[in-house]
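# Structure assessment
This is what each chain is made of:
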Amino acid sequence: MTRPGGWRDGAGASLGGRPRWMNPAYGFVMPALLAIAVFFFVPALASVLLSLTDFDIYAIASRANLRLTWHENYARLLGDPLFWLALRNTLYFVVVAGPLSIAASLAAALLVSARLVRWKGLFRTVLFLPVVTTLVAVGVVWRYAYHPRIGLLNHALGALGVGPVDWLGDPAWAMPAIILMAVWKGFGFNMVIFIAGLQNVPERLYEAASIDGAGTVAQLRHVTLPLLAPTFLFVAVMTAIGYFQLFAEPYVMTQGGPAHATLSIVLLMYGEGFRWWNMGYAAALAFVLFALILALTLVTLRLRARGPSRELAT
Amino acid sequence: MTSIPLLPARLRVVLSLLLLAAACSRERGASTVVEFWAMGREGEMVQELVPEFERRLPGVRVRVQQVPWSAAHEKLLTAYVGKAMPDVIQVGNTWLPELVALGALARLDAWMAASSVVRPEAYFAGILDTNVIDGGTYGVPWYVDTRVIFYRTDVLRAAGQTTPPTTWDGWLEAMRRIRERGAPDRYAILLPLAEWEMPVILALERGAGLLRDQDRYGDFQSPPFREAFRFYLDLFARDLAPRAGVAQIVNLYQDFASGFFALFVSGPWSIGELERRLPAAMAERWSTAPMPGLDPARPGVSLAGGASLAVLESSPRRDLAWRWLEYLSEPAQQAAFYRSTGDLPARVGVWEEPSLRESPSARAFARQLRYLRSPPKIPEWERIASKIGEHAEAAIRARATVDEALGALDRDVDAILAKRRWLMAREHREAAGGPSE
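Residues numbered from 1 in each chain as written. Chains lettered and ligands numbered in written order. Predicted model: local features only at pLDDT ≥ 70, side-chain atom pairs only at ≥ 80, totals over all residues. Heavy atoms only, no water.

What follows concerns the interface of chain A and chain B. Taken together, the contact pairs 29 residues of chain A with 30 residues of chain B. Summed over the three residues of chain A that lose the most area to chain B, namely Tyr58, Arg149 and Trp276 of chain A, the buried surface amounts to 23% of that side. At the junction of chain A and chain B, the tally comes to 4 salt bridges. As a salt-bridge pair, Asp54 of chain A and Lys419 of chain B come within 2.9 Å of each other at their nearest N and O atoms. In this assembly, chain A and chain B are joined by 11 residue pairs in polar contact (both at pLDDT 80 or more). Broken down by secondary-structure element, the contributors of at least two residues to the side of chain A that touches chain B are α3 (57–61), α7 (135–145) and α14 (265–275) of chain A. Looking at which element gives the most residues to the side of chain A that touches chain B, the answer is α3 of chain A, with 4 residues. The class makeup of the residues in the side of chain A that touches chain B is 15 nonpolar, 5 polar and 9 charged. (Contact = heavy atoms within 4.5 Å. Buried area = accessible area lost by both parts, 1.4 Å probe. Salt bridge = Lys/Arg side-chain N within 4 Å of Asp/Glu carboxyl O. Polar contact = N/O pair within 3.5 Å; in protein donor to acceptor, adjacent residues only side chain to side chain. Helix = DSSP H or I, 4+ residues; strand = E, 2+ residues; numbered from the N terminus. Nonpolar A, V, L, I, M, F, W, Y, C, P; charged D, E, K, R; others polar.)

Okay, structure coming up:
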């Protein structure tokens, strides 16, 4: 939560009576503000307006075919079973993949930062590699790994005596398959942030803890985790925002199938907007998603602000 | 600018101005450029046909822009909005209704009436028909795609069938026998889930109209569609087809060769793929056959697909654009184009070409091309088609009964067509003479 107005408190004194609008700071921020206005606020406003119309392929042909429908897109959206299904799938993904991914990142960060580990740089790079690999290439490889008859994963399961799983073909398994791949693909990024957070934990705290007789687990619980709280907050919010916009993984792997089991809100929006050119409806979807993410972010920040580890976090 | 140092400065200026003027006049006087957008491989191979056209019409140049298929639809729409359309385009014939609704394409009837090359009777009727929208012709077929059955001759023979089945009953019986003889993971036919083509082909053979009341409402609960839909679902219920979506079929041709399935339904592109990807020993073990039908005397119907050539309404040189389109439609160019791309010619006469007449795998297409039906020619069709696939998948997975799936399909389709109904009602009011509100 940034709070503007840092300069304003002292402004009156330092400007020596000049009117506020002549503050040279405006001159410095103006280019950035202009760019944001032109490339963000204007399009955002345009898409709000768009969501109040039935803009579609016919409206491209002639403006006369455009109707102002006000809330109708939103009403239709609430009555659309596909929207609710997409919302459920997206929440499923966020709720399961989010914690999993953060846990994997933290575990990897702890392992890589452990004092006994050699070649830390190598491990960091290797674990970070999936993040920088092109998703399309990853998707192709994972599709082979998930293949029900020749796939690597089912081979491994078979060796353990578990029957073949139709990963991408069974509606019950498709989302877990997407989650597994997304976690693998993304955990390296948060790992790097956690490593940075771990480096900020002062060594003396561990020394003090071990003098007090704390073992590794107790040190992790009472020293490492509380001190990582701000990092956690950042990672959790960014991961949730990113995961709410789930798109590329199902787009590449399943196209939202089987039987809509991996249809996410953004995928639905993409289909409505760019496949079928129902721009009005797609804009309404985008706004609902925006509101959801905003609400979630505010709730998370509020919870953390009230949380017990606040004094440590600052 | 050190190249002519010996000349005085003023002369240099005059000279370069003269050169510039000469360059300009040559640009303007000697060449008019016809812009042509073509997709994928066609865009690459059509370049070979350009020199002959330019030789015939001195001063005219053709610039071919190759557009990848995956980006083509979006590019056409954005080019239309941005007023950056070329003069001639290649366009998938299912996109024509949309571009016509936009008013992007020029009506070709007047040119066709005066042409000795583009005669309606020279084309397969079913394929030409996809270019006729509300009585006007907006495209000329360039090449055709339709779907036929690809089958493993050896597997069919082992099941006691020496010729491909021609009727639905015979087809079902043959598939049942293949399934009974094969191992549990050897299926009779591959019908990728969520693909709309197969249920629609079957329904068209049953005589279903798909939409009703001037394409204003879905008509999927009608008896013909329902019967075809049941027949389709039955293939899965009897376990003749695996419940596999496109995502699980990593390599269709490999799976066909390994015997995972004995039949699949596909278009002419699969001929080339099979010839290229399968080992030589497999060449004798597969063939093609027209779709089975209800009437033993003729094949079943299949979908009229393919690509057309169209002239843009916005083009300032439409006559020249038409000359290019007409040139590409000449039998000689069609034959040359077939030889370089393998795309099946849309003109009946070109099928006399020896390489086509003697190709056993093309023969099924030659016959099938006379029994084509076009899906409803409205801009919303592709969206409706994807809904058919979705609801069919739900029914196959037993997430909905036949009645529920078809009811939901009709509801979805009616919602998709709401705008069309509004537009038609407004048109009707205006035609009735009353001022629109």
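Continuing now.
Now for the sheet that holds strand β12 (residues 286–289) of chain B. All names here are of chain B. Across the sheet, 4 strands lie side by side as β8-β11-β7-β12; this open sheet has mixed pairing. If you trace the sheet from one side to the other, it starts and ends with β8 (187–190) and β12, each paired once. With strand direction ignored, the average angle separating the axes of adjacent strands in the sheet is 20 degrees. Here 3 bridges tie β8 to strand β11 (residues 261–266), and the two strands are oriented parallel to one another. Its bridge partner lying in β11, Tyr187 is registered against Phe261. Taken strand by strand, helix α13 (residues 269–277) contacts β7 (148–152), β11 and β12, and its axis lies near 140 degrees from that of β11. Of the strands in this sheet, β7, β11 and β12 are in contact with helix α17 (residues 360–368), which crosses β12 at around 10 degrees. (Pairing = 2+ DSSP bridges. Axes fitted to C-alpha atoms, helices over the stretch in contact; angles between N-to-C directions.)

This paragraph deals with α17 of chain B. Taken residue by residue, α17 of chain B has Ser361, Ala362, Ala364, Phe365 and Gln368 of chain B as its buried positions. Buried positions in α17 of chain B, seen along its axis, are confined to an arc of 145 degrees and lie on one side of it. (Buried < 20%, exposed > 50% of the residue type's maximum accessible area, 1.4 Å probe, protein only. Arc of directions from axis to C-beta.)

This next bit is on the packing of aromatic side chains. Applying the stated criterion to the full structure yields 37 aromatic pairs over all chains. Relative to Tyr243 of chain A, the ring of Phe93 of chain A lies with its centre 4.9 Å away and its plane at 55 degrees, an arrangement referred to as tilted. Here Tyr243 of chain A lies in helix α12 (residues 229–244) and Phe93 of chain A lies in helix α5 (residues 81–113), a separation of 150 residues in the sequence. Overall, Tyr243 of chain A belongs to the buried group, its relative accessible area being 13%. Summarising the aromatic geometry, the rings of Phe53 of chain B and Tyr327 of chain B are spaced 5.1 Å apart at their centres and angled 45 degrees between planes, so their arrangement reads as tilted. Pair noted here: Phe53 of chain B is in helix α3 (residues 50–56) and Tyr327 of chain B is in helix α14 (residues 318–329), with a separation of 274 residues, a long-range link. An identical accessibility class is assigned to Phe53 of chain B and Tyr327 of chain B; each is buried. Through a chain of ring-to-ring contacts, three or more aromatic side chains come together here, namely Phe150, Tyr187, Phe256, Phe260, Phe261, Phe264, Trp286 and Phe365 of chain B. When the ring centre of Trp422 of chain B is taken as reference, the NZ or CZ atom of Arg67 of chain A above it lies at 4.2 Å. (Phe/Tyr/Trp six-rings, centres within 6.5 Å; stacked < 30°, edge-to-face > 60°. Lys NZ or Arg CZ within 6 Å of the ring centre and 35° of its normal.)

Paired through backbone hydrogen bonds, the strands of a sheet run either parallel or antiparallel to each other. Residue and element names in this part refer to chain B. The strand order across the open sheet formed by 6 strands is β2-β1-β3-β14-β6-β15, and the pairing between neighbours is mixed. If you trace the sheet from one side to the other, it starts and ends with β2 (60–67) and β15 (344–345), each paired once. One ladder, built from 5 bridges, connects strand β3 (residues 88–92) with strand β14 (residues 305–311); its direction is antiparallel. From the neighbouring strand, Ile89 faces β14, where its bridge partner is Ala310. Against the sheet, helix α4 (residues 69–81) contacts β1 (32–39), β2, β3 and β6 (140–145), and its axis sits at roughly 135 degrees relative to β1. Sheet strands touched by α14: β1, β2, β3, β6 and β14. Its angle to β14, the strand with the most contacts, is close to 145 degrees.

Despite not being glycine, His260 of chain A has its phi angle at roughly 65 degrees, a positive value. The residue His260 of chain A is located in the loop between α13 (248–253) and α14 in this model.

All names here are of chain B. Summarising burial for β7: 5 of the 5 residues are buried, a large majority. Relative to β11, β7 runs antiparallel, the two sharing 4 bridges. Note on β11: the bridge partner recorded for Tyr151 is Leu263. Across 4 bridges, the pairing between β7 and β12 is antiparallel. Bridge pairing in β12 links Phe150 to Thr288.

Turning our attention to the domain arrangement of chain A. Domain annotation of chain A identifies domain 1 (18–43) and domain 2 (80–313). Put simply, the middle of domain 1 of chain A and the middle of domain 2 of chain A, counted by C-alpha atoms, are 36 Å apart. (Domains from an automatic or database assignment.)

Right, let's get into the packing of α7 of chain A against helix α9 (residues 171–199) of chain A. Residues and elements named next belong to chain A. The geometry of α7 relative to α9 is characterised by a closest axis approach of 12 Å and an angle of 135 degrees between their N-to-C directions. In this view, α7 runs oblique relative to α9, as classed from their interaxial angle. Note that α7 runs across α9; the crossing there is right-handed. Side by side, α7 and α9 meet where Leu135, Val138, Gly139 and Trp142 of the first sit next to Leu180, Met181, Trp184 and Lys185 of the second. Here the residues of the contact of α7 with α9 are counted per class, giving 6 nonpolar, 1 polar and 1 charged. (Parallel < 35°, antiparallel > 145°, perpendicular 65-115°, else oblique. Left-handed = near helix turned anticlockwise from the far one by under 90°.)

Our next topic: the side chain of Thr69 of chain A. Residues and elements named next belong to chain A. As for its placement among the helices and strands, Thr69 is situated in the loop between α3 and α4 (72–78). Residue classification places Thr69 among the buried residues on the basis of a relative accessible area of 9%. Residue contacts for Thr69: discarding those within four places in its chain leaves Leu52, Thr53 and Asp54.

Residue and element names in this part refer to chain B. Within β1, 6 of the 8 residues are buried, which leaves the element mostly enclosed by the surrounding structure. With 8 bridges connecting them, β1 and β2 associate as parallel partners. Looking across to β2, one finds that Val34 is bridged to Val62. Summarising the sheet, β1 and β3 pair through 2 bridges and their orientation is parallel. Its bridge partner lying in β3, Phe36 is registered against Val88.

Residues and elements named next belong to chain A. Inspection of the secondary structure assignment puts Gly257 in the loop between α13 and α14. Residue classification places Gly257 among the buried residues on the basis of a relative accessible area of 15%. Sequence separation of Gly257 and Ala305 is 48 residues, and the distance between their C-alpha atoms is 40 Å. For Gly257, the contacting residues outside a window of four places in its chain are Ala174 and Thr262.

This part takes up the pattern of salt bridges. When the charged atoms of two side chains with opposite charge come close together, those side chains can pair. Scanning the entire structure with this criterion turns up 33 salt bridges over all chains. The salt bridge involving Arg383 of chain B is made with Glu272 of chain A; its shortest N-O contact spans 3.0 Å. Placement of the pair is Arg383 of chain B in helix α18 (residues 381–396) and Glu272 of chain A in helix α14, with the two residues belonging to separate chains. Relative accessible area serves as the criterion here: at 13%, Arg383 of chain B is assigned to the buried category. Here Arg339 of chain B ties to Glu353 of chain B by a salt bridge, and the two come within 2.6 Å at their closest N and O atoms. Of this pair, Arg339 of chain B sits in helix α15 (residues 331–341) while Glu353 of chain B sits in the loop between β15 and α16 (354–357); the two residues are 14 residues apart in sequence, bridging distant segments of the chain. Among the charged side chains, a salt-bridge network with shared partners connects Asp54, Asp56 and Arg67 of chain A together with Lys419 of chain B.

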